Structures are given as structure tokens and as C-alpha cells.
Amino acid sequence: MLFRLSMAVALLAGAATSANAVTTLMWSSTADVGKTQTVSFDGQYGASVNKKTVATPLAGLSSTLALTLTKVSGKDWTFDYAVDNTSLAPVVASKVSVFGFDSRGKISGGSSNGVFGKSGSGPVPLLGSSADICFRASGSDCTGGNSGLAIDDAVSKGSLTLRFEKATPLAELSSFFVRYAAVTNADKSINNVNGTSGDAVLMADTVDSVPEPASWAMMITGFGLIGGAMRRRRTTIATATC
């Protein structure tokens, strides 16, 4: 009985943690300066199916983007970024050339430094979407070019600034994507292919490790059940002894 209750508490806590994965990342201008959130991306290439190009998952092609809010000044929100090319076998070569996203509040412009030091906006090939803003290492707009962050390169760090059309207390970013270049897999069925894309597959807060109020409530309830069961068990044993 006690074991089952303990497992129930653990499962409830785990379910609450899993619920933290979201499709939109949000920062408060007052409470979240210094907060880091991370996005993981898959990889897709354009396969020819019935004479049409179809976005098809490519095993091993992956990357991550971490954004840390560092400053809010009027309409300008500044973030540190860190891009990592995490591609693994069977992919043997790839480069991240662009990352970008959409915003709930209208963005009127942006700037950045580091490897991804050029900003733009527009269509995202293969994914069938259009980005409010993107930051690229090469190429034009959100299409990207033939160079970027390779598998063996160190994590690329820099800063970016989003200028919103109006001052806002909350930044809500969504529809994250990356573009890859020079992609090759082990059997060379994909060989030095440019123009592949990646959708966000997980968006998680990497800083707030303290359980949310709902998690605390479930855990406290679980511990209360365990305590009650233990008291009943002691009472039963005492009665049997007498």
C-alpha cells in the first residue's frame, strides 16, 4: 500500500514536470531578466514524392537554441543566444545557417551580433511558413546559405535585440525553426544537401527548477495519504498486540 502511494506521488510530480513543455516561450519584462529557455530542433529534408517536394524527417539531424533575457528598455528586448549543432550519426556533416521564430507582439525590427549576425524575415522554405524574424550566419533572409555552425564547432554565442512596435510587458515567442546547410549522412543518400529545415520539438524552461504550486499541491496531498496510511497501520498493529 505504501509503495503504491509513493509511486503515485512520483508519477504525479513527473506529470506536472512534463506539463512544463510548451509551444510558446514567454518572458516577463520585470520578473524574467536572467531567465534562460531552450528549444530543441529536429531535421527535415525535401524528399521527392509523386513529383512533389515533401518535408521528410532526417534521423540524426538536430540542434538547440538557448535564449536568455538580459535587458528590456522601452520597446527593445535584448537576449543572449547560444546555438549548438547537436547532429549525430547517421548524419556525418551539417551546418546550422539560420534560426528564427514568430512573436505575438508585432516586431518592427531586430539586430544581432556573433556568427548569426544578420537579421531578416520572410518565408521559411520546406516548412511552409513565414517567420516574423530570423538571424542568419549566411544567405539571405530566412532561407540561409551554404555556411554556418558545423557539428564540431563550439557553441555559437552572441546577443540579439528585438524591437517591438509597441512597448510590451510580455514577450511571447513561438514557431521556432532552424535551417541547415551542407548536410551529409553516412551512406551518402543525402550528400552535401543545402536548404534543409528543422522544427521545434521541445521548448522547456531551463532555469526554474522549483516545483510550481500545482506540483506542490499534488505532492503534499500524496504525502498526506502516505502519512494517513502509516497511522492506520500503526493503529492496527497496536490493536492486534493488545
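Residues numbered from 1 in each chain as written. Predicted model: local features only at pLDDT ≥ 70, side-chain atom pairs only at ≥ 80, totals over all residues. Heavy atoms only, no water.

Draft legend 1. Geometry of the side chain of Q44. Structurally, Q44 is set in strand β3 (residues 44-49). Residue Q44 is classed as buried on the basis of its relative accessible area, which comes to 10%. Within the structure, Q44 has its side chain in polar contact with the side chain of D199 (distance 3.3 Å). What Q44 contacts, discounting residues up to four positions off in sequence, is A55, T56, P57, L58, L61, L126, L127, T196, S197 and D199. (Helix = DSSP H or I, 4+ residues; strand = E, 2+ residues; numbered from the N terminus. Buried < 20%, exposed > 50% of the residue type's maximum accessible area, 1.4 Å probe, protein only. Polar contact = N/O pair within 3.5 Å; in protein donor to acceptor, adjacent residues only side chain to side chain. Contact = heavy atoms within 4.5 Å.)

Draft legend 2. Representation of the pattern of salt bridges. Summed over the entire model, instances satisfying the criterion amount to three salt bridges. Across the salt bridge formed by D76 and R163, the nearest N and O atoms sit 2.6 Å from each other. Taken together, the residues D76 in strand β6 (residues 76-85) and R163 in strand β12 (residues 156-164) connect sequence positions 87 residues apart. A relative accessible area of 43% means that R163 is categorised as partly exposed. With a shortest N-O distance of 3.7 Å, E165 and K106 are connected by a salt bridge. Taken together, the positions of E165 in the loop between β12 and β13 (170-185) and K106 in the loop between β7 (91-103) and β8 (107-112) put the pair 59 residues apart, joining distant regions of the chain. Overall, K106 belongs to the exposed group, its relative accessible area being 55%. (Salt bridge = Lys/Arg side-chain N within 4 Å of Asp/Glu carboxyl O.)

Draft legend 3. Quick peek at the state of the cysteines. All told, the structure shown has one disulfide when counted by the stated rule. Between C134 and C142 runs a disulfide, and the two sulfur atoms are separated by 2.2 Å. Judged by the torsion about the S-S bond (-95°), the C134/C142 disulfide is left-handed. C142 gets classed as buried once you look at its relative accessible area, which sits at 0%. (Disulfide = S-S within 2.5 Å.)

Draft legend 4. Region of the structure containing the environment of K166. Turning to its location among the elements, K166 is positioned in the loop between β12 and β13. Here K166 falls in the exposed class, since its relative accessible area comes to 63%. Residues K166 and S108, spaced 58 residues apart in sequence, show a C-alpha to C-alpha distance of 8.9 Å.

Draft legend 5. Up close: the environment of V124. Counting through the fold element by element, V124 comes out in strand β9 (residues 118-124). Accessibility expressed as a relative area gives 3% for V124, which makes it buried. With 19 residues separating them along the chain, V124 and T143 place their C-alpha atoms 6.1 Å apart. If we skip the residues at most four places from it in the chain, V124 touches S129, S130, A131, C142, F177, R179 and S197.

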